[in-house]
Protein chains: 2
Amino acid sequence: MNWLETSTENCTVQRTLELVGEKWSLLLIRDAMNGVRRFDDFRRHVGLSEAVLADRLRKLVAAGILETAAYREPGSRTRREYRLTRKGWDLWPAMIALKQWGDRYTADPEGPPLEVRHSDCGEPLRAVIVCAEDHGPLTPRQARTHPGPSARPRS
Amino acid sequence: MNWLETSTENCTVQRTLELVGEKWSLLLIRDAMNGVRRFDDFRRHVGLSEAVLADRLRKLVAAGILETAAYREPGSRTRREYRLTRKGWDLWPAMIALKQWGDRYTADPEGPPLEVRHSDCGEPLRAVIVCAEDHGPLTPRQARTHPGPSARPRS
DNA sequence: CTGCTGGCTTCGAATGCTGAAGTTAGATGG
DNA sequence: CCATCTAACTTCAGCATTCGAAGCCAGCAG
């Protein structure tokens, strides 16, 4: 069974994009990874409409990527903030990989507006692909794809 | 200048998503990485409408992620096929990182429908973040973010 | 009890997606 | 040399999503 003959219905990339691939979702996660937690901060910084923001936050919470927590500032009523869960933070390698591509191909001549570095040595980060035995970094030519255990023919 | 005060206008993640973040774009790139090259194969396998497919292919070619090449099957007229460029293949780490997340959180109980392994040792791949001096794999807690050279205040 | 603020919801207009039908260029068959 | 077929589009009507703006609501300050 080759790729063209296998169903995409249970493709894990596709399912991932159903959760985070809508417009704005990954930008909200980007902001959440940079410490943004409140509705109004998301709205102003990411720059989307309030209706869509409310919808996306609801979906990301339903997906287990964000969770809400109550907070209270002195002299204000309690409110809810949005934080990344473990599952949400597990998107970090993907976010860094997208940022790395953008840094290379879309940055202004001076460089990117945000830098992420190793806190110990101060060197910039790279997303690399290795195998389970730590051979690598690997290129696409060093990889082979096979049908997996749940590969099904296309209807 | 903290993150909430910096403009997202030149954010490299945002610019990346402007190129590949539309619905279907990353799925087309997924298929291209698996060897799909023709209009009709994309249409049938990815399952999107022809109008949108034509638009996405045009945009991905304009972005330098795909390029067209003439091909000719015996007994047919010459046609054009779509292939990933180097720039397109550079999205591979991001694609693997998204697939890895999907494999962990969205796969059927038996596993994913597609497996990617190191061709030398046969072990499955992992997307990891390292620093330029190869410390790693790193977690988000071991990273620090700073404003980069093109950080600008939000208007 | 009046106003203010954060966090939404509602609404009309604009944009985007879908499925189906139509178009075009070059084989191929009669 | 005319009709047919096919891959690769384009056009179109209807539906869904997104946008910007406005409105609503709860609780706190004055």
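Keep in mind that this is a model prediction, so the values were computed, not measured. (Residues numbered from 1 in each chain as written. Chains lettered and ligands numbered in written order. Predicted model: local features only at pLDDT ≥ 70, side-chain atom pairs only at ≥ 80, totals over all residues. Heavy atoms only, no water.)

On to helix H1 (residues 12–20) of chain B. Within H1 of chain B, seven of the nine residues are buried, which leaves the element mostly enclosed by the surrounding structure. Every buried residue of H1 of chain B is listed here: Thr-12, Val-13, Gln-14, Arg-15, Thr-16, Leu-17 and Val-20 of chain B. Those residues of H1 of chain B that are buried are in contact with helix H2 (25–33) and helix H6 (92–105) of chain A together with helix H2 (25–33) and helix H4 (50–62) of chain B. (Buried < 20%, exposed > 50% of the residue type's maximum accessible area, 1.4 Å probe, protein only. Helix = DSSP H or I, 4+ residues; strand = E, 2+ residues; numbered from the N terminus. Contact = heavy atoms within 4.5 Å.)

Moving on, we come to the relation of the copies chain B and chain A. A rotation about some axis, followed by a shift along it, carries one copy of the chain onto the other. Overlaying chain B with chain A gives an RMSD of 0.1 Å, the required rotation being 180 degrees about an axis along which the chain moves by 0.0 Å. The superposition operator between the copies reduces to a two-fold rotation axis. When you check the interface residues of chain B against chain A, 100% turn up at the interface there too, and the contact is symmetric in its surfaces. (Least-squares fit on C-alpha atoms with pLDDT ≥ 70 in both.)

Moving on to the layout of surface pockets. When its volume is computed, the largest pocket comes out at roughly 640 Å³. What lines the largest pocket is a set of 23 residues, among which Gly-21, Glu-22 and Lys-23 of chain A together with Gly-21 and Lys-23 of chain B lie closest to the centre. Those elements giving two or more residues to the lining of the largest pocket turn out to be helix H1 (12–20) and H2 of chain A together with H1 and H2 of chain B. Of the residues that constitute the lining of the largest pocket, the class distribution is ten nonpolar, six polar and seven charged. Roughly 460 Å³ of internal volume is contained in the second largest pocket. Lining the second largest pocket we find 18 residues, and of these Arg-86, Trp-89, Asp-90 and Pro-93 of chain A together with Pro-140 of chain B sit closest to its centre. Of all the secondary structure elements, the ones that give two or more residues to the lining of the second largest pocket are helix H5 (86–89) and H6 of chain A together with helix H6 (92–105) and strand S4 (125–131) of chain B. (1 Å grid on protein atoms, 1.4 Å probe; cavity = no way out; pocket = protein on both sides within 12 Å on 5 of 7 lines; lining within 4 Å. Points joined across faces, edges and corners; volume = space filled by probe spheres on them. Nonpolar A, V, L, I, M, F, W, Y, C, P; charged D, E, K, R; others polar.)

Moving on: the side chain of Asp-90 of chain A. Within the secondary structure, Asp-90 of chain A is located in the loop between H5 and H6. Taking the relative accessible area as the measure of exposure, Asp-90 of chain A reaches 18% and is therefore buried. Each residue touching Asp-90 of chain A, except ones within four places of it in the same chain, is listed here: Trp-101, Arg-104 and Tyr-105 of chain B.

Around DNA strand C, 20 residues are found, and the nearest of them are Glu-50 and Arg-58 of chain A together with Arg-56, Arg-72 and Arg-77 of chain B. For DNA strand C, a phosphate oxygen lies 2.9 Å from a polar atom in the side chain of Tyr-82 of chain A. Contacts to DNA strand C include Arg-56 of chain B, whose side-chain N or O atom sits 2.7 Å from a phosphate oxygen. Broken down by secondary-structure element, the contributors of at least two residues to the surface near DNA strand C are helix H3 (39–47), helix H4 (50–62) and strand S2 (79–84) of chain A together with H4 of chain B. For the surface near DNA strand C, the leading source of residues is H4 of chain A, giving four residues. A per-class count over the surface near DNA strand C returns seven nonpolar, three polar and ten charged. (Near = heavy atom within 4 Å. Polar contact = N/O pair within 3.5 Å; in protein donor to acceptor, adjacent residues only side chain to side chain.)

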